[in-house]
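Per-entry structural report
Chain by chain, the residues:
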Amino acid sequence: MSVRYPAIAYGVTIRAEYPNQPGQLGSITTAIGEMGGDISALDLVQSSQDKVIRDLTINASDVAHGQDMVAKLKKLPGVNVVSVSDPTFLLHLNGKIEMRSKSPVRTRNDLSMAYTPGVARVCMAIHDDPESSWNLTAKGNTVAVVSDGTAVLGLGDIGPAAAMPVMEGKAMLFKELGGVDAWPICLATKDQDEIVEAIENFAVGFGGINLEDISAPRCFYIEERLQEKLDIPVFHDDQHGTAVTSTAAFLNAVKVTGKKIENMKAVVVGVGAGGMATTRMLMDAGLLDVVGADRQGVLHRDRDYGDNESKKWFAENTNPDNFKGTLMDAMTGADLFIGLSGPGVITVDHVKAMNKDAIVFAMANPDPEIYPEEAAEYVKVMATGRSDYPNQVNNALCFPGFFRGMLDVRATRVNAEMKLAAAKAIANSVPDSQLNEEYIIPNVFDRNVAVSVAKAVAEAAVKTGVARRSTPKAYGVESLIK
Amino acid sequence: MTNRYPAVAYSVTLRVAYKNIPGHLGVITTAIGMVGGDIGAIDIVSINSGTMIRDITVNARDVDHGAEIVSTVGVLNGVSVRSVSDPTFLLHLGGKINMVSKIPIRTRNDLSLAYTPGVARVSMAIHEDPSAVWSLTSKSNTVAVVTDGTAVLGLGNIGPAAALPVMEGKALLFKELAGVNSWPICLNTSDPEKIIQIVKHISPGFGGINLEDIAAPNCFYIEERLREELDIPVFHDDQHGTAIVVLGALYNALEVVGKKIDQINVVISGAGAAGLATAKLIKQAGVSSIIGYDREGILHSGIDLAGHSGKTWFAEQGNIDNFRGDLKGAMNNADVFIGLSGPNVLSIDHLKVMAKNSIVFAMANPDPEINPESAVPYVKVIATGRSDYPNQINNVLAFPGVFRGILDSRSKGVNDEMKMAAAWAIASAVPRRHLNEEYIVPSVFDRSVVRGVANAVAKAARATGMAPIKRSKTTEFAGLPA
């Protein structure tokens, strides 16, 4: 894969020592440039009459590319590579989040209000009226980000500890974009009933549960059971965040291409949590002809799905012609490709076979089903899950505002109306005047998105009777606009 | 009960309106003073056409006293009380803690390092080397504060939601005093097996577990099982925090009275979680004779304590001479009384029979085993759990530093040596030249205590094999080869 752009996510910082002679730095930067490295910072660490030490931060296309550049520099005459560090790992040292106290405890008076004896009266107030815990504790603005580490990004079952950096990243986005306090809880069990039991019992202190990176079909069972038992919303982001954001992108891509939804032919590859929820939501939006495929091939009604109820549902409710061919056959003439599977699942040939003005959402993370550089010239609209290409279909457009809205009205659950309201709010965040094939979905850093989503979700929650209060107040979405 | 001082924990803020004429404020403040209110801040809210509106904050002795102050002001001529608020509740609005990102996410580059795609490499590094979770996530500085709400302060079984303000207070103290991140986990079950299982399941993201306010005897079983089954330290603060601070106070009290720890007779009233842990720790520290006293009377081998392992410990390990008399008999010639029971267990007659230069720790909250004023003439050193008398024995002196030390040394548990080292560090925080009968315990706001305790705990952990001898400060990660 050499077509990819060098990215900061694969950056390396090389500390290089070389003779203080004219032309030396030039030979280093030239060598890096020839290898396709993208130099960002060139910091001077130390300089003397005879030698110079610099930190060279270079964006690379991938890990191997970074290593190649290090090896190349080591071979350059006169250059000594002192050390190599990795900006991504440096940023992760000791984690990315922390807990803070809102009020200082500096004096006995502070202590006697925030802790004993004053706190006792607050406890008893909650004991007498449990609903007051929404006001008198952090619950009203706090979400648990819960994972068992079984389906982390595109990495698969890497376990709860390895899932932590992702959950911390999620918590950061919750705070930065939605003003929501989120805490990661990574569970050391894969047993779906044990997961339900743990969450059910620790939910007391949280205003919502964000399930994350739990593999299908377990995620469906867990979410459903929890929502039955709890009086706070349970939102599996891989399903609904993906479905909402993909639907938003879809609505705008349809506008850009001028296609008629009811006439479109769609292929969904990857029918796990994201694929399943997205397909359902797109069908709610009017899509009729959807063919799904998983590792075993196309899903049709004559395949055996064992006890996988969700795939059975999929086979029965999609693929109207009960098509049984290959993925290439399915892609032929398709208007829309939705990829929520793994890297390199489709090739240029698949894309070439699609209908005119094809829409390709290759959303596998971190490596998409097909890279935009390869597909671009054959499709009208291309979107990925990555931040380093245009049209990033990123759940971060949904979940911060979605939970902001739910917490603001103290919603008891998530429903389809809230999801559709959120998708429309995201889609409408791109002004019609600016809508084009490279801008079908707003920027993750557009602060207005979370505000619009929050308002839309809160309104839908109130309208459908799943809100504890009809006017959002406590935190106020406007405060999010910076 | 005794004349308590007015305290900020029971303060009220009255918004009063009155004619802005000289002497009117004096009438109000005089009235408040007459009923024993202690005026704090007096703020102007507005002055309009001769009407003055002010917020007057008044410390009261308790809730009833606050109400009395309000009604006293309310009946004053020309004064109207517009509203009454409670500073303690205002401080609790929206909770006392939040979550913040350590690094901002403002640009795509930030996002691609902290989240996808960069985070994927960090996750895989942990997947390949699970110990990297300590350096690459917030685990190493994060503690779960876990309760089931069955024994909250002196309030009893008030449930997990009502326990939240206390756990948030605890979390706040962890952060403010020791820089430890902690998050409250309140469990909606008091089934010990379920609690054990849930804590085990949520443990991957935490560097330690602080159990809190779980009723005896479940707390012993839960802690023991978790210690066996988890690879991170588990510390039940009600037991060990109390034991550590009592031992610290005892070290200094013994120095004041000039007695040796291995030559004293001790009576402990209250054989619950704190009493038992304290007895065990002072036994480890060298005390040989510890007579326990509880609802059954003096605990000795002649009474049936079947099924109560804590009380059996007192009978078998503490009461070494198998004394079978009453409390007064036990107090005869005792050097130290430690009360972790209830109000007014002791009378002056009990004190009169103690050995010369006796030490009494009357720690029942809020009303001690004996009123300090009446005990003073008969004892050399008296300490309580209250902040309004000298020598306050408060867990806040122990748990922040203990966890700081545990986390810094990456200790896998907490043993008696570490607890004794913590106690000694607390004792040492009182400068020798200042040591006297009214100053045996340092102030909870003495910042040197945390550092001293943390260093002592870490050192003891290394010395006893609980922590690696030397922990590399540099973080090893699966980055690029240098």
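Conventions and cut-offs
Residues numbered from 1 in each chain as written. Chains lettered and ligands numbered in written order. Predicted model: local features only at pLDDT ≥ 70, side-chain atom pairs only at ≥ 80, totals over all residues. Heavy atoms only, no water. Helix = DSSP H or I, 4+ residues; strand = E, 2+ residues; numbered from the N terminus. Buried < 20%, exposed > 50% of the residue type's maximum accessible area, 1.4 Å probe, protein only. Contact = heavy atoms within 4.5 Å. Areas by Shrake-Rupley, 256 points an atom, 1.4 Å probe, with all protein chains shown as cover. Lys, Arg positive; Asp, Glu negative; His and termini not counted. Charge placed at Lys NZ, Arg CZ, Asp CG, Glu CD. Buried area = accessible area lost by both parts, 1.4 Å probe. Salt bridge = Lys/Arg side-chain N within 4 Å of Asp/Glu carboxyl O. Polar contact = N/O pair within 3.5 Å; in protein donor to acceptor, adjacent residues only side chain to side chain. Nonpolar A, V, L, I, M, F, W, Y, C, P; charged D, E, K, R; others polar. Pairing = 2+ DSSP bridges. Domains from an automatic or database assignment. Core = buried A, V, L, I, M, F, W, Y, C linked by side-chain atoms within 4.5 Å.

1. So, the overall build of chain B
On a plain count of helices and strands, chain B comes out with 18 helices and 15 strands. Projected onto the principal axes, the alpha-carbon positions of chain B cover approximately 80 × 75 × 45 Å. Looking at chain B residue by residue over its 482 residues, the buried ones come to 59%. Counting only contacts in chain B whose residues sit at least 6 apart along the sequence, the fraction spanning at least 24 positions is 67%. Surface summary for chain B: the accessible area is close to 18,600 Å², and the carbon and sulfur share equals 50%. Treating the 43 positive side-chain charges of chain B as one cloud and the 45 negative ones as another, the clouds have centres 7 Å apart.

2. Notes on the interface of chain A and chain B
Listed as interface residues are 101 residues of chain A and, on the opposing side, 102 residues of chain B. In total, about 10,000 Å² of surface goes out of reach between chain A and chain B, with carbon and sulfur atoms giving 67% of it. In terms of surface lost to chain B, no three residues of chain A exceed Phe89(A), Met99(A) and Arg121(A), which account for 8% of the buried area on that side. Asp86(B) is paired through a salt bridge with Arg121(A); the nearest N and O atoms lie 2.6 Å apart. Joining chain A to chain B, the criterion identifies 39 residue pairs in polar contact (both at pLDDT 80 or more). Counting residues per element, the side of chain A that touches chain B draws most heavily on helix α7 (residues 160-178) of chain A, which supplies 14 residues. Residue classes in the side of chain A that touches chain B are distributed as 55 nonpolar, 26 polar and 20 charged. Sheet analysis places strand β5 (residues 97-101) of chain A next to strand β5 (residues 97-101) of chain B, joined by five bridges and oriented antiparallel. Opposite Ile97(A), over in β5(B), you have Ser101(B) as the bridge partner.

3. Description of the domain arrangement of chain A
Partitioning chain A into structural domains gives domain 1 (7-92), domain 2 (108-232) and domain 3 (245-482). Inter-centroid distance (C-alpha atoms) of domain 1 of chain A to domain 2 of chain A is 43 Å.

4. Here's the deal with the environment of Val453(B)
Residue placement: Val453(B) occurs in helix α18 (residues 447-463). Look past the residues within four positions of Val453(B) in its chain and what remains in contact with it is Leu397(B), Ala398(B), Gly401(B), Val402(B), Ala422(B), Ala425(B) and Ile426(B).

5. Quick notes on the domain arrangement of chain B
The domain architecture assigned to chain B consists of domain 1 (7-92), domain 2 (122-232) and domain 3 (239-482). The straight-line distance from the C-alpha centre of domain 1 of chain B to that of domain 3 of chain B is 42 Å.

6. Some remarks on the nonpolar core
Counting 243 residues, the largest nonpolar core has Ile199(A), Phe202(A), Ile209(A), Phe361(A), Phe402(A), Leu247(B) and Phe361(B) as its most contacted members. Ignoring anything within four residues of it in the chain, the contact list for Phe361(A) reads Ser246(A), Ala249(A), Phe250(A), Ala253(A), Phe337(A), Ile338(A), Gly339(A), Val381(A), Ala383(A) and Ile440(A). Ala16(A), Met69(A), Leu73(A) and Val84(A) belong to the second-largest nonpolar core, a separate cluster that totals 21 residues.

7. Overview of the pattern of salt bridges
Enumeration according to the criterion identifies 42 salt bridges over all chains in this entry. Lys324(A) serves as the salt-bridge partner of Asp302(A), at 2.5 Å between the closest nitrogen and oxygen. With a gap of 22 residues between them, Asp302(A) in the loop between β12 (297-298) and α12 (309-317) and Lys324(A) in the loop between α12 and α13 (327-331) connect regions that are remote in the sequence. The closest approach of N and O atoms between Lys200(B) and Glu229(B), which form a salt bridge, is 2.6 Å. You can see Lys200(B) sitting in helix α8 (residues 192-202) and its partner Glu229(B) sitting in helix α9 (residues 218-229), a full 29 residues away along the chain.

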